[in-house]
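Here's the letter readout for the chains.
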Amino acid sequence: THAQHQEIIVLCGPPASGKSSFANEYNDRYEIICQDILKTKAKCLKKCRETLSDSIIIDATNRDVATRSCWIEYARSKNIPIRCVVMDVEKPLAMHLNTYRNAYGDKKVPAIAIHMFFSKYEPPTIGEGFSEIITLPFRSDNADLRRFV
């Protein structure tokens, strides 16, 4: 089956933490499913089910166990390994990065979205069903992105 070569990577982190930049580093090998573009989790899950790509990156905040569970259930149902990449960004840095991205032409996220992420955040665990959890520390130059996946 195809599942031996497929994987799903679930990104987890606050708005403005670099999730989309990370995903875009791998768009040559992964189908990127971005909730900012598709708008709803239901549409993201539909695209996930429809994709014929070898591997998928889920680009969304995925802030709690309930939000991540649909990706884990889907991976289990297809016998596809699933990993989580956590963007290790504290709230003050996320706020700063949000201002920075706005200054360079990206859409600024409302501050309330960053506050909400941190107020509801549940760190991912292996017990949820991930085969691996990678914590990616913030780096302004993105030099190390390729060594993690």
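For the structure, see preceding data.
In this numbering scheme, every chain counts its residues from 1 along its sequence in written order. The predicted nature of this model means local features are confined to residues of pLDDT at least 70 and side-chain atom pairs, given and counted, to a pLDDT of 80 or more, with totals for whole chains, interfaces and linings taken over all residues. The basis for the side-chain values is all heavy atoms of the structure; hydrogens and waters are excluded.

1. Describing the sheet that holds strand β1 (residues 8–12)
- Criterion used throughout: strands pair if DSSP finds at least two bridges between them. The helix count covers DSSP runs of H or I at least four residues long, the strand count covers runs of E at least two residues long, and both are numbered beginning at the N terminus. On the basis of which strands lie adjacent, the open sheet formed by 5 strands has the order β2-β3-β1-β4-β5 and parallel pairing. Both outer strands of the open sheet, β2 (31–34) and β5 (132–137), are each paired with one neighbouring strand and no more. Between one strand axis and the next, the sheet turns through 20° on average, direction left out of account.
- Direction of pairing for β2 relative to strand β3 (residues 56–59): parallel, over a ladder of 4 bridges. Its bridge partner being in β3, Cys34 is matched across the sheet by Asp59.
- By the convention used here, residues are in contact when the closest approach between their heavy atoms is within 4.5 Å. Lines are fitted to the C-alpha atoms to define the axes, a helix being fitted only along its stretch in contact, and any angle between axes, read from their N-to-C directions, falls within 0 to 180 degrees. Against the sheet, helix α3 (residues 41–50) touches β1, β2 and β3, its axis set at about 165° to β2.
- Each of β1, β3 and β4 (82–88) touches helix α4 (residues 65–78); the most contacted strand, β1, lies at about 170° to it.

2. Let's talk about the nonpolar core
- Residues belong to one nonpolar core when they are buried, are Ala, Val, Leu, Ile, Met, Phe, Trp, Tyr or Cys, and are joined through side-chain atoms within 4.5 Å. Here's how the labels work: a residue is buried when its accessible area is under 20% of the maximum for its type, exposed when over 50%, partly exposed in between, all with a 1.4 Å probe on protein chains only. Among the nonpolar cores identified, the biggest contains 19 residues, and Ile8, Val10, Cys48, Ile58, Trp71 and Ile82 are the most heavily contacted of them.
- Those elements giving two or more residues to this core turn out to be β1, α3, β3, α4 and β4.
- Residue contributions to this core peak at 5 residues, all from α4.
- The residues touching Val10, leaving out its near neighbours within four places in the chain, are Ile58, Asn62, Arg68, Trp71, Ile82, Arg83, Cys84, Val85 and Phe130.
- Membership of the second largest hydrophobic core comes to 13 residues, among which are Phe22, Tyr30, Ile32 and Cys34.

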